[in-house]
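Structure at a glance
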Amino acid sequence: MTKRVTKAILTGAAIATALGGIAAPAYAQRDPAYAAARAAGEVGEKMDGYLGIVVAETPELRRIVNDINIKRRAVYSEKAQESNATLEEYALTAGCIAIAKTVPGEKYQAPDGSWQTRTDAPPMRDSRCP
């Protein structure tokens, strides 16, 4: 990723975050099931910018994750176009930001693909993160 594209993506992601996050936080306020699943460590932030299921999948968890990921993809697609970036570049940057914003106790995907529980230490981040 070039510096120009990375800067544009970060700017877009920062604006999206400032305006209410990257789809999931606003959704979380409306859906107590999402907030409960996140707090229980059943779902977590993936490096690719999407939400993942950490535990054994249930139909309810799949519904929550699919709904949020569909909304995220729509936002990423729009913001990527505005930033002259690919959807994948924008989603990766959004994933880096989402993982950085996790709080202790929440789950996130480490660069090796394993699920980690956030501690007080900074999360492990992908080397491609800006």
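So, a few notes on the structure that sits alongside this text. This is a predicted model, so every value here is computed, not measured.

**Considerations on the overall build of the protein**
- Looking only at helices and strands, the protein features five helices and four strands.
- Walking the protein from its N terminus toward its C terminus, one meets helices and strands in the order α-α-α-β-β-α-α-β-β.
- Look at the contacts in the protein between residues 6 or more apart in sequence, and 51% of them connect residues 24 or more apart.
- Carbon and sulfur atoms form 57% of the exposed surface of the protein, whose accessible area is close to 6,900 Å².

**Some remarks on the environment of lysine 107**
- Locating lysine 107 in the fold gives a position in strand E3 (residues 107-109).
- Taking C-alpha positions, lysine 107 is 5.7 Å from glycine 41, a pair spaced 66 residues apart along the chain.
- If we skip the residues at most four places from it in the chain, lysine 107 touches Gly41, Val43, Gly44, Glu45, Val54, Thr102, Trp115, Gln116 and Thr117.
- Within the local environment of lysine 107, its side chain forms a polar contact with the side chain of threonine 117, the two groups lying 2.6 Å apart.

**Quick look at the state of the cysteines**
- Scanning the model with the defined rule gives one disulfide in all.
- The partner cysteine of cysteine 96 in its disulfide is cysteine 129, sulfur to sulfur 2.0 Å. The sign of the S-S torsion, about -85°, decides the handedness of the disulfide formed by cysteine 96 and cysteine 129: left-handed. Here cysteine 96, found in helix H5 (residues 87-100), pairs with cysteine 129, found in the segment after strand E4 (115-117); they are 33 residues apart in sequence, far enough to count as distant.

**Digging into the side chain of arginine 118**
- Take arginine 118: it is sitting in the segment after E4.
- Although arginine 118 lies buried, it forms no salt bridge, and the closest oppositely charged side chain, glutamate 106, sits 7.0 Å away as judged by the N-O distance.
- Apart from the residues within four sequence positions on either side, arginine 118 is in contact with Ile99, Ala100, Thr102, Val103, Pro104, Gly105, Glu106, Tyr108 and Pro123.

**Observations regarding the environment of lysine 46**
- Within the fold, lysine 46 resides in the loop between strand E1 (43-45) and strand E2 (51-53).
- For lysine 46, a relative accessible area of 23% translates into the label partly exposed.
- A C-alpha to C-alpha distance of 9.4 Å links lysine 46 and proline 111, two positions 65 residues apart in sequence.
- When near neighbours in sequence (up to four residues on either side) are disregarded, lysine 46 contacts Leu51, Gly52, Gly95, Ile99, Gln109 and Trp115.

**Re helix H3 (residues 32-39)**
- For H3, the complete set of buried residues consists of Tyr34, Ala37 and Arg38. Angular distribution of buried residues about the axis of H3 spans 100°; they occupy a single face of the element. In H3, the exposed residues that point more than 90 degrees away from the buried face are Pro32 and Ala39.
- Where H3 starts, the residue carrying a side-chain oxygen 2.9 Å from the main-chain nitrogen of alanine 33 turns out to be aspartate 31.
- In the segment just after H3, glycine 41 is the residue with positive phi, at about 75°.

**Remarks on the pattern of salt bridges**
- Enumeration over the complete set of coordinates arrives at ten salt bridges.
- Close ionic contact of glutamate 45 with arginine 72 constitutes a salt bridge, the shortest N to O distance being 2.8 Å. Separated by 27 residues along the polypeptide, glutamate 45 in strand E1 and arginine 72 in helix H4 (residues 59-83) bring together distant segments of the chain.
- Overall, arginine 72 belongs to the buried group, its relative accessible area being 3%.

Definitions and cut-offs
- Residues numbered from 1 in each chain as written.
- Predicted model: local features only at pLDDT ≥ 70, side-chain atom pairs only at ≥ 80, totals over all residues.
- Heavy atoms only, no water.
- Helix = DSSP H or I, 4+ residues; strand = E, 2+ residues; numbered from the N terminus.
- Contact = heavy atoms within 4.5 Å.
- Areas by Shrake-Rupley, 256 points an atom, 1.4 Å probe, with all protein chains shown as cover.
- Polar contact = N/O pair within 3.5 Å; in protein donor to acceptor, adjacent residues only side chain to side chain.
- Disulfide = S-S within 2.5 Å.
- Buried < 20%, exposed > 50% of the residue type's maximum accessible area, 1.4 Å probe, protein only.
- Lys, Arg positive; Asp, Glu negative; His and termini not counted.
- Salt bridge = Lys/Arg side-chain N within 4 Å of Asp/Glu carboxyl O.
- Arc of directions from axis to C-beta.

So, to be careful, I would describe these as geometric facts and stop short of saying anything about function.
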